[in-house]
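Here is what each chain is made of, one letter per residue.
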Amino acid sequence: MRSLFLLAVSVAAATAAVPYEQYILAPPSRTLRPVSVFRQHGPLSSPNSLLGHSRAHGHNLILDGYNSSVTYDFGKNIAGWVNLEVNSHNGSIGVTFSESSLWVSSSGSDATADAALDAPLVFNVSHAGHYQAPNEKERGGFRYLTLVNLGSEKVSLKDLWVHFTAMPHWKDNALRNYSGWFHSNDEQLNRIWYAGAYTNQLVTIDPKRGDALDFLGVITSNSTVEGPLEWWVNTTITNGTSALTDGAKRDRLVWSGDMAIAVPGIAVTTFDLISIRNSLDSLFVLQNTTTGLLPYAGFPFNLLGSVSFTYHLYALIGVANFYLWSGDKAYLDANWPAWKLGIQWATKQIDETGLANITAPSDWLRFGMGGHNIEANSILYYTLGLGAMLATDEGEAAAASQYTALASKIQQAAIPLLWQPSVGLFRDNETTTLAPQDGNAWAVRSGLVSNASQIAAISQALEARWGPYGAPAPEAADAVSPFISGFELDTHFVANRTDAALTLIRRMWGDFMLDDPRMTNSTFIEGYSVTGALHYAPYTNDPRISHAHGWATGPTSSLTTYVAGIQIISDAGATWIVAPQPGNLSDVDAGFSTPKGKFSSKWVQKGNTFRLSITTPRGTSGKVGIPLPGRHGKAHLTGGPVKGSVVHGDSAGRYWIEGLKGGNYEFVAVAV
């Protein structure tokens with residue numbers, strides 16, 4: 001079996017130089033200091049002395065009296081242990097944290113529980129010297145850090161720094177060693193791609209410091225809590241030295257649904273497969289070996305006994321994704337029996353209609369999950385398709401045929417039952433007319449809908465619902481869900497409505513999620529309201545919203561997969577497709593590496609000419625779809641096996657060249 005260590009070495013060897021490093025938000029060192037003062041209160045002096053660029057000046061921060069405070073800005077969302085160098089011999093110093101500027105406070109940190117704020121981290125000073133937060137007081141996400149004098153005497157601080165703890169398994173000076181890159185003529189898109197990459201780094205944690213839901217099942221959104229709550233992170237959630245979780249601040253747990261977005265984004269940026277594997281393994285070790293049911297979330301959330309049909313499927317999708325990107329056949333062989341048992345549990349929910357009848361309400365915190373739900377059945381359709389491919393690789397033709405037949409029945413039943421022609425969207429189930437974002441996005445993403453005009457109708461109808469802050473998810477009240485909107489992006493790209501997809505990315509992830517002053521301006525938020533308020537309908541305690549959530553990083557993989565056009569089809573890229581979707585961009589340069597080698601796509605669109613250069617590894621094979629410039633559907637093409645001839649595009653305006661062996665190719669298409 002080829003180890004993940006060897007996979008990582010081979011990928012690193014293929015990508016010794018890191019292109020476009022100026023966009024990478026990961027720090028060059030694990031020692032981080034604040035970059036500016038955000039706010040100050042009460043009698044104090046020399047607040048700038050603790051800034052990274054001011055330390056050589058020899059001044060100290062003096063907090064003269066009780067409740068004097070300074071809020072420091074680290075310039076981006078970070079994670080880690082607070083360190084203080086104190087000159088005083090007695091006193092009490094409180095430290096609070098916030099990801100958003102909205103929740104900056106000297107009395108508490110932004111929240112992890114369903115009610116109240118988190119309590120300050122308190123350092124009781126008994127001597128001059130170095131003080132470090134205990135391990136369980138690692139704060140997983142914050143941009144703002146407030147120092148407050150909690151005693152009656154003045155306190156003097158010589159230094160403040162944070163030991164950055166994300167990506168714990170990477171060397172301290174290697175946090176910026178990406179294997180993937182993206183660059184276009186649109187600076188906002190470039191920043192979005194790298195913010196997604198950094199978000200996924202921030203949610204990759206030491207598994208011994210997981211689970212920020214310290215009062216789960218004890219304090220709810222209906223609880224009345226006086227004063228801030230204590231907090232800690234000290235639960236081991238997976239084996240190994242790193243784990244991919246949902247959020248940096250919270251929940252710090254393994255959720256398979258979040259991985260459906262995060263994993264492709266990680267694959268095209270850092271290729272951190274070991275963290276993915278550790279998290280997947282932690283779910284499958286909890287599988288019911290009799291029924292095949294997989295947990296809604298990893299340990300210790302699984303102890304609640306919640307069942308989720310969709311998240312059960314997402315765990316199965318996770319195995320297929322890991323196998324796709326790693327090409328690790330031994331991994332698939334080892335997990336195949338559990339995978340088959342898992343899909344067996346899911347297909348047992350199929351009733352006489354040919355559709356799964358969902359009785360478990362849990363999903364991504366949307367409301368109304370149940371019945372012959374379009375989202376759940378679309379995800380099942382997609383998972384069965386993956387199962388057919390996996391079964392083929394495992395030499396089990398009968399299983400592949402069975403999965404294909406079940407998927408076909410879902411397709412035949414879902415469309416006539418749930419499609420609303422007058423709306424151009426599917427309804428959630430047969431008892432309602434609500435047209436959900438999740439189900440319609442998944443109906444296209446899964447391939448359940450294959451008719452081009454129907455795909456276009458769904459794309460157009462979803463776009464028509466956009467507000468100034470992005471795409472709504474009416475199945476979750478007034479929520480905007482970056483998670484589900486990541487799947488909606490696929491809908492617009494599949495519909496070949498590239499400009500619509502880019503507009504949504506710019507509006508939602510760029511103008512709002514990245515550049516709004518209430519955001520971290522570096523990582524992506526879990527969810528918010530269609531009004532632009534930082535309120536997420538499933539929660540009543542707004543400060544608990546996570547501002548670094550892996551499920552919000554959809555554009556990172558979408559820009560590589562669709563705009564650059566690089567698609568891995570099998571076995572770490574043994575087969576591939578390169579089919580750029582330029583939209584209203586003029587140039588893109590993107591790529592990544594797998595154990596097979598480097599994949600890249602670099603194109604320029606200028607006037608009536610489209611130029612494409614690609615690199616794929618030797619020993620692989622694939623096809624290229626060249627978007628023909630102009631609107632006439634034909635062009636003069638040179639490159640590869642085409643020696644110069646007039647070619648005609650397909651219905652999407654592409655000309656396909658198939659049967660290419662891995663290597664370097666350049667194509668030039670000139671409209672005629």
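What counts as what
- Residues numbered from 1 in each chain as written.
- Predicted model: local features only at pLDDT ≥ 70, side-chain atom pairs only at ≥ 80, totals over all residues.
- Heavy atoms only, no water.
- Pairing = 2+ DSSP bridges.
- Helix = DSSP H or I, 4+ residues; strand = E, 2+ residues; numbered from the N terminus.
- Axes fitted to C-alpha atoms, helices over the stretch in contact; angles between N-to-C directions.
- Contact = heavy atoms within 4.5 Å.
- Polar contact = N/O pair within 3.5 Å; in protein donor to acceptor, adjacent residues only side chain to side chain.
- Parallel < 35°, antiparallel > 145°, perpendicular 65-115°, else oblique.
- Left-handed = near helix turned anticlockwise from the far one by under 90°.
- Nonpolar A, V, L, I, M, F, W, Y, C, P; charged D, E, K, R; others polar.
- Patch = residues over 30% accessible without salt bridge, like charges linked within 9 Å, V, L, I, M, F, W, Y side chains within 5 Å.
- Areas by Shrake-Rupley, 256 points an atom, 1.4 Å probe, with all protein chains shown as cover.
- Salt bridge = Lys/Arg side-chain N within 4 Å of Asp/Glu carboxyl O.
- Buried < 20%, exposed > 50% of the residue type's maximum accessible area, 1.4 Å probe, protein only.

> Where do I start with the sheet that holds strand β18 (residues 566-570) in this structure?
Paired through their backbone hydrogen bonds, the strands of a sheet run either parallel or antiparallel. Within the open sheet, the 4 strands sit side by side as β18-β19-β23-β26. Their pairing is mixed. Looking along the sheet, the strands with just one partner apiece sit at the ends: β18 and β26 (654-661). Adjacent strand axes in the sheet meet at a mean angle of 15° when their direction is disregarded. Pairing geometry for β18 and strand β19 (residues 575-578), over 4 bridges, is antiparallel. Paired with Ile566 across the strands is Val578, a residue of β19.

> It is not clear to me how the environment of Ser107 should be interpreted in this structure. Could you clarify?
Positionally, Ser107 belongs in the loop between β6 (91-98) and β7 (121-125). Separated by 356 residues in sequence, Ser107 and Glu463 place their C-alpha atoms 43 Å apart. Not counting residues within four places of it along the chain, the set of residues in contact with Ser107 comprises Thr96, Pro120 and Pro228. At 2.8 Å, the side chain of Ser107 and the side chain of Ser105 are in polar contact.

> Is there a simple way to think about the packing of helix α7 (residues 374-393) against helix α9 (residues 437-445) in this case?
The angle between the axes and the distance between the axes are what describe a pair of packed helices. Contact geometry of α7 with α9 gives a least axis separation of 8 Å together with a crossing angle of 20°. Relative to α9, α7 is oriented roughly parallel. The handedness of the crossing between α7 and α9 comes out as left-handed. Counting all contacts with α7, which are made through Ile374, Glu375, Ser378, Ile379 and Tyr382, the residues of α9 involved are Asp438, Gly439, Trp442, Ala443 and Arg445. The class makeup of the residues in the contact of α7 with α9 is 5 nonpolar, 2 polar and 3 charged.

> Any chance you could explain the environment of Asp515 here in plain terms?
Note that Asp515 resides in the loop between α12 (498-514) and β17 (528-529). Sequence spacing of Asp515 and Gln188 is 327 residues, and the spatial spacing of their C-alpha atoms is 9.5 Å. If we ignore the near neighbours within four places in the chain, the residues touching Asp515 are Gln188, Arg191, Gly510 and Asn521. For Asp515, the side chain forms a polar contact with the side chain of Arg191, separated by 2.6 Å.

> Whenever I open this one, a nonpolar patch on the surface confuses me. Can you help?
Taken together, the side chains of Val285, Leu286, Phe299 and Leu303 make up a nonpolar region of the molecular surface, amounting to roughly 380 Å² of accessible area. Mapping Phe299 onto the fold places it in the loop between α4 (273-284) and α5 (309-326).

> Would you mind going over the pattern of salt bridges with me for this structure?
If charged atoms from side chains of opposite charge come close, those side chains can pair. Applying the stated criterion across every chain, the model contains 29 salt bridges. A salt bridge links Arg250 to Glu526; its shortest N-O distance comes to 2.9 Å. Pair noted here: Arg250 is in the loop between β13 (243-244) and α3 (256-267) and Glu526 is in the loop between α12 and β17, with a separation of 276 residues, a long-range link. Side by side, Arg250 and Glu526 carry an identical accessibility label, which is buried. A network of salt bridges, in which partner residues are shared, links Glu99, Asp110, Asp118, Arg139 and Lys249.

> Whenever I open this one, the sheet that holds strand β24 (residues 634-639) confuses me. Can you help?
The strand order across the open sheet built from 7 strands is β11-β20-β21-β22-β27-β24-β25, with neighbouring strands paired in antiparallel fashion. Bordering the open sheet on either side are β11 (181-184) and β25 (642-648), each of which pairs with just one other strand. This sheet shows a mean twist of 15° between the axes of neighbouring strands, independent of strand direction. Here strand β22 (residues 609-615) runs beside strand β27 (residues 664-671); their pairing, made up of 7 bridges, is antiparallel. Bridge assignment links Phe610 to a residue of β27, and that residue is Ala669.

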